[in-house]
Amino acid sequence: MQAQVEEPGDEPMKLAIQLPNGGAIQLWGKVAYYLPTLGFGLQFSIRSDEGQLMLNRWRDYLQAHTPLPHRQGTDTKSFPS
């Protein structure tokens, strides 16, 4: 992520995400922690129904496009070695 500030303060920040399908999501958050050499984490603040809708869209997009990790012992099929 690229921020327009070198060190985030206490002001709310807007996170804009451009999705590969052409959609866009904009969320507001406050800096939860800051590590100078690594970056920062945001705690999202939902200010409206539209904000909750945006957060839900992002979650739904990630769930639809992120492969689940393989967990040993959960397969029902056997494959030859």
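Shown above is the structure to which this text applies.
In this text, all values refer to a predicted model and were calculated from it rather than measured experimentally.

Looking now at the overall build of the protein. In terms of helices and strands, the protein carries one helix and three strands. Counted from the first residue to the last, the protein has its helices and strands arranged as β-β-β-α. By sequence separation, contacts in the protein at least 24 residues apart represent 36% of the contacts at least 6 residues apart. For the protein, the accessible area works out to roughly 7200 Å², and carbon and sulfur atoms hold 51% of it.

Okay, helix α1 (residues 49-65) next. Look at α1: 24 Å from first C-alpha to last across 17 residues, which is about the 24 Å you get at 1.5 Å a residue. Buried residues of α1: G51, M54, W58 and Y61, and no others. All buried residues of α1 fall inside an arc of 90° around its axis, so they share one side. For α1, exposure combined with an orientation more than 90 degrees from the buried face picks out D49, L53, Q63 and A64. Tucked into the core, α1 has its buried residues touching β1 (13-18), β2 (24-35) and β3 (39-44).

Rules and cut-offs
Residues numbered from 1 in each chain as written. Predicted model: local features only at pLDDT ≥ 70, side-chain atom pairs only at ≥ 80, totals over all residues. Heavy atoms only, no water. Helix = DSSP H or I, 4+ residues; strand = E, 2+ residues; numbered from the N terminus. Contact = heavy atoms within 4.5 Å. Areas by Shrake-Rupley, 256 points an atom, 1.4 Å probe, with all protein chains shown as cover. Expected span 1.5 Å × (residues − 1). Buried < 20%, exposed > 50% of the residue type's maximum accessible area, 1.4 Å probe, protein only. Arc of directions from axis to C-beta.

Functional significance is not addressed by these values, which are geometric in nature.
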